[in-house]
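# Tertiary structure, described
Here is what each chain is made of, one letter per residue.
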Amino acid sequence: MKKVLPILKKQKGFVDETVFVSDKEDNRVLAQGFWNTKEDAEEYHRAEYQKVHETIRHLLESEPVIRTFNVHSSTSLRIAAGKAA
């Protein structure tokens, strides 16, 4: 994450990245990225995601599954509902 975070922080619309590691299976990881808009997230995916993926590829047992969701509500990030990707 030390190499990835600086890349993310430079991206237009990047808000936050939260990484969860299972307390039962330390090889199970869930990363959630928060973006101001869906377009910002899509632009990152087109322009920079491959660099990040190459940086962490050696840690992966399988290819990541990427899904997008709209934020319904948030108390910690103060993201407006329906506005972030």
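Here the structure is shown first, and the text comes after it.
Okay, so let's go over this structure. (Residues numbered from 1 in each chain as written. Predicted model: local features only at pLDDT ≥ 70, side-chain atom pairs only at ≥ 80, totals over all residues. Heavy atoms only, no water.)

Our next topic: helix α2 (residues 38–47). Burial in α2 covers these residues: Asp40, Ala41 and Tyr44. The buried residues of α2 occupy one face: seen down the axis, they fall within an arc of 100°. Facing away from the buried side of α2 by more than 90 degrees, the exposed set consists of Glu39 and Arg46. Buried-residue contacts for α2 involve α1 (4–9), β2 (29–35) and α3 (49–56). (Buried < 20%, exposed > 50% of the residue type's maximum accessible area, 1.4 Å probe, protein only. Helix = DSSP H or I, 4+ residues; strand = E, 2+ residues; numbered from the N terminus. Arc of directions from axis to C-beta. Contact = heavy atoms within 4.5 Å.)

This part covers a nonpolar patch on the surface. On the surface, Val19, Val21 and Val29 cluster together into a nonpolar patch covering about 260 Å² of accessible area. A relative accessible area of 40% means that Val19 is categorised as partly exposed. (Patch = residues over 30% accessible without salt bridge, like charges linked within 9 Å, V, L, I, M, F, W, Y side chains within 5 Å. Areas by Shrake-Rupley, 256 points an atom, 1.4 Å probe, with all protein chains shown as cover. Salt bridge = Lys/Arg side-chain N within 4 Å of Asp/Glu carboxyl O.)

Take the nonpolar core next. Nonpolar side chains tend to gather and get buried jointly when the protein is soluble and globular. Of all hydrophobic cores here, the largest spans eight residues; its members are Val4, Leu8, Phe14, Trp35, Ala41, Tyr44, Tyr49 and Val52. Those elements giving two or more residues to this core turn out to be α1, α2 and α3. Ignoring any residue separated from it by four or fewer positions in sequence, one finds Tyr49 in contact with Tyr44, Pro64 and Ile66. (Core = buried A, V, L, I, M, F, W, Y, C linked by side-chain atoms within 4.5 Å.)

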